[in-house]
Amino acid sequence: MSKFFYVKMAGNNIKKNRKLYIPYLLTCIGMIVMFYNMCFLAQARDILKITGGETLKQILFFGMIVTAIFSIIFLFYTNSFLIKQRKKEFGIFHVLGMEKKHIAKLMFFETFLIGLISVIGGILTGILLSKLMLLLLFKIISFEVPFGFEIPINAVIFSIFLFSGIFLANLIYNLFQVYQSKPIELLKGGNVGEKEPKIKWILTIIGVACLGSGYYIALTTESPLAALKLFFIAVILVILGTYCLFTAGSIAILKLLRKNKRYYYKSNHFISISVMIYRMKQNAIGLANICILSTMVIVMLSTTVSLYVGMEDVLRTRYPRDIMIYAEDISDHQAQKLNVFIEKQIKKNKMIPQNFVQRRFIQFTVFQNGNKFTSDAASLQDISTVEFILLDDYNKMENQSISLSKGEALLYTARGSFKGDIINFDGTKLSIKKRLSSFNMEGKMLDNVASNYFIVVVNDINTINQIFHSVQEKQEDIKNLSYYYAFDVNGDREQQIELIKDLRKGDRQIVQDISVDAVAEARESFFSFYGGLFFLGIFLGFLFIMATVLIIYYKQIAEGYDDRKRFSIMQKVGMSQEEIKGVIRSQVLMVFFLPLITAVIHLLFAFKVITQLLSIFNLTNISLFAGCTVIIIIIFAIFYSVIYALTARTYYKIVR
């Protein structure tokens, strides 16, 4: 026997099974290309030259980890499909005289050839596309692309080790599958699952409970902090519920339809339901995977696109004025000196200030239980920030002449809800004289992602001290309040930067711990951060779409081979070609679009909690997110339909 016998035979087997292996090979190469490029970008020297480059590198490193984990899971999943389709072929080899050790050798060389082609092709293609990826990233974040070309050796090594490990793990799994199977089991490997599945009511109930719980969490979450804590719990529950309902719930629904005699005893329905009851046992996991991947694609693209498109809104939400100055615990004398100094520097730089916002205040972080605020951390979900402002400052700021008696207050609810007319701060009670419908409060509140945010206007600092003692259980009084001064200016970016430098030099001579924030400085950092998220969204979205396409393609092939004999028998017993086409069309459409419809339902229930999460990133424009989501769903549905049309042709060819 020639020493190259197994190599040649492995190559011939790959050629003969090209319908299975070419998409798999292309997917492996694509995964390696994407992983290499994410490694390349995470290590590229030019990234550090960008403002906010460290944050961008962290985003890209996170993308590299996600790509690696997804590659491991997805390539193992597709390999398990391939070995299932090849079992019958290995069974024939065994019957013809090949021992399992010879089949193992053959499988080794097949895996080796696929792995070698994938790794070499993937890395070389990745290197060729790396500059294009860098160009795309820098274009998104509006940064000038530098000259030069680099090949990080670590990216090459990581790619080789990761995917060599994946191919080795898949080979071990395949060998285990063959060695534990008897020859007759290998010959019938493609027909496993033909026994009619029973209704698993417990699994169906668990699926409904998980899905309902996930939906309930998404619909009842009222604050960004709660959304941050509960979102991933809801995601896990929805994923578990989806898998349970696709595997058990779908069979239960189909069997209930079969009991409905009026619906079931029609030619199209009779055959479609009968076939699908058998097929769902094998295809339910694949359909659930398509549903989860479709949901991830839509959520990821809609959020990152809305953040990128609405970047100017996000920037202005975080920085509502061109220049903002903030300091904690400063005296009235220091505040007056700061006011004089700021006005002097504005005149020095020949700028005209507009849209002033100035106030003195103090903030407490407390926990809300109805109308009571306490320091007892009973529930993180009810964490609140309460900002206190003196009445004189409020009247000056809002040009009002309101008066308050002792124990009275004005209340503005910026975020959250408050019912009743009495505010209770651990025993210190204030009567709400008036609820404010608006407040000129932009700025520091937006830094805080607490569940709730309230502004309370009180008569004097003694009232604030009394509340401070009640809530914080401290004896010393509050001596000074915080300081906030914000304004817009005319002038270009360079002029604003000069003004900021002058303000920082002098401000720190008056108050040591002071911050000066400006839109002109933050814009580049925002572009690098949100542009990086947008790039990651496109990158991972494409990765998940590629996986969705492959799962759909393999599902169509598997169902085609499984259904070919059935439709041949139906034709022999009298069904016309048109009737068979109608049955095939209704069955494929029902199965194919079920994951997409379910994905859209998931997204509708998740919409509220996603908007809460986006508010943490300072995106409060819900209509923008809704518009981006609708557009992404429409584009994805069109793309999904194109995939259906292309893969359905393969199915029809096999069945005919």
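This structure is a prediction, so every number in the text was calculated from the model and none was measured. (Residues numbered from 1 in each chain as written. Predicted model: local features only at pLDDT ≥ 70, side-chain atom pairs only at ≥ 80, totals over all residues. Heavy atoms only, no water.)

Caption draft 1: Structural context of helix α14 (residues 461-472). For α14, which comprises 12 residues, the first-to-last C-alpha distance of 16 Å matches the rise-based estimate of 16 Å (1.5 Å per residue) to within 8%. Along α14, the positions that sit buried rather than exposed are Thr 463, Ile 464, Asn 465, Ile 467, Phe 468, Ser 470 and Val 471. The N-capping residue of α14, defined by a side-chain oxygen 3.3 Å from the backbone nitrogen of Asn 462, is Asp 460. (Helix = DSSP H or I, 4+ residues; strand = E, 2+ residues; numbered from the N terminus. Expected span 1.5 Å × (residues − 1). Buried < 20%, exposed > 50% of the residue type's maximum accessible area, 1.4 Å probe, protein only. Polar contact = N/O pair within 3.5 Å; in protein donor to acceptor, adjacent residues only side chain to side chain.)

Caption draft 2: Region of interest: unusual backbone geometry. With a phi close to 55°, Asn 355 is a non-glycine residue in the positive phi region. With respect to the secondary-structure elements, Asn 355 resides in strand β2 (residues 353-369). The phi dihedral of Asp 426 falls on the positive side, at around 50°, and the residue is not glycine. Turning to its location among the elements, Asp 426 is positioned in the loop between β6 (422-425) and β7 (428-435). Among the residues examined, Asp 426 registers a relative accessible area of 26% and is labelled partly exposed.

Caption draft 3: Molecular detail of the packing of aromatic side chains. Evaluated as defined, the whole model comprises 28 aromatic pairs. Between Phe 35 and Phe 163 the ring centres are 5.9 Å apart and the planes differ by 70°, which places this aromatic pair in the edge-to-face class. With a gap of 128 residues between them, Phe 35 in helix α2 (residues 18-43) and Phe 163 in helix α5 (residues 153-179) connect regions that are remote in the sequence. Under the relative-accessibility criterion, Phe 35 is labelled buried at 5%. (Phe/Tyr/Trp six-rings, centres within 6.5 Å; stacked < 30°, edge-to-face > 60°.)

Caption draft 4: Spotlight on the pairing of strand β5 (residues 408-415). The sheet contact formed by β5 and β7 spans four bridges and is parallel. Each bridged residue has a counterpart across the sheet, and for Glu 408 the counterpart in β7 is Ser 431. (Pairing = 2+ DSSP bridges.)

Caption draft 5: Examining a positive patch on the surface more closely. Taken together, the side chains of Arg 18, Lys 19, Arg 649 and Lys 653 make up a positively charged region of the molecular surface. Where the positive patch is concerned, the elements lending two or more residues are α2 and α18 (622-655). Following the sequence through the fold, Arg 649 ends up in helix α18. (Patch = residues over 30% accessible without salt bridge, like charges linked within 9 Å, V, L, I, M, F, W, Y side chains within 5 Å. Areas by Shrake-Rupley, 256 points an atom, 1.4 Å probe, with all protein chains shown as cover. Salt bridge = Lys/Arg side-chain N within 4 Å of Asp/Glu carboxyl O. Lys, Arg positive; Asp, Glu negative; His and termini not counted. Charge placed at Lys NZ, Arg CZ, Asp CG, Glu CD.)

Caption draft 6: A look at helix α4 (residues 100-140). Along α4, the largest kink reaches about 40° and is centred on Leu 129. Directly after α4, the chain includes Ser 142, whose backbone phi takes a positive value near 55°. (Bend = angle between axes of the 7 residues up to and from the residue.)

Caption draft 7: A look at the packing of α2 against α5. Look at α2 against α5: their axes get within 9 Å of each other, and the N-to-C directions meet at 145°. Viewed along their axes, α2 and α5 form a crossing whose handedness is right-handed. Every residue of α5 that contacts α2 at Tyr 24, Cys 28, Met 31, Ile 32, Phe 35, Tyr 36, Cys 39, Phe 40 and Gln 43 is listed here: Asn 154, Ala 155, Val 156, Phe 158, Ser 159, Leu 162, Phe 163, Phe 167 and Asn 170. Partitioned by chemical class, the residues of the contact of α2 with α5 number 14 nonpolar, four polar and no charged. (Axes fitted to C-alpha atoms, helices over the stretch in contact; angles between N-to-C directions. Left-handed = near helix turned anticlockwise from the far one by under 90°. Contact = heavy atoms within 4.5 Å. Nonpolar A, V, L, I, M, F, W, Y, C, P; charged D, E, K, R; others polar.)

Caption draft 8: Highlighting a nonpolar patch on the surface. Taken together, Phe 61, Ile 65, Ile 69, Ile 72 and Ile 73 make up a surface patch of nonpolar side chains, about 460 Å² in accessible area. Within the element layout of this structure, Ile 69 appears in helix α3 (residues 53-95). A relative accessible area of 45% places Ile 69 in the partly exposed class.

Caption draft 9: The packing of α4 against α5, seen in detail. Viewed as axis vectors pointing N to C, α4 and α5 meet at an angle of 160°, and their least axial separation amounts to 10 Å. The orientation of α4 relative to α5 falls into the category roughly antiparallel. For the crossing formed where α4 meets α5, the hand is right-handed. Counting all contacts with α4, which are made through Lys 100, Lys 101, Ile 103, Ala 104, Met 107, Phe 108, Thr 111, Ile 114, Gly 115, Ser 118, Val 119 and Ile 123, the residues of α5 involved are Val 156, Ser 159, Ile 160, Phe 163, Phe 167, Leu 171, Asn 174, Leu 175, Val 178 and Tyr 179. Taken together, the residues of the contact of α4 with α5 sort by class into 15 nonpolar, five polar and two charged. (Parallel < 35°, antiparallel > 145°, perpendicular 65-115°, else oblique.)

Caption draft 10: Spotlight on the pattern of salt bridges. Per the stated rule, a full pass over the model turns up four salt bridges. Here Asp 502 and Lys 348 are joined by a salt bridge, their closest N and O atoms 3.8 Å apart. On the criterion of sequence distance, the pair formed by Asp 502 in helix α15 (residues 493-510) and Lys 348 in helix α12 (residues 332-348) is long-range, its members being 154 residues apart. Between Arg 359 and Glu 387 there is a salt bridge, and its shortest N-O distance comes to 2.9 Å. Pair noted here: Arg 359 is in strand β2 and Glu 387 is in strand β4 (residues 383-390), with a separation of 28 residues, a long-range link. Exposure remark for Arg 359: the relative accessible area of 2% places this residue in the buried category. A relative accessible area of 0% places Glu 387 in the buried class.

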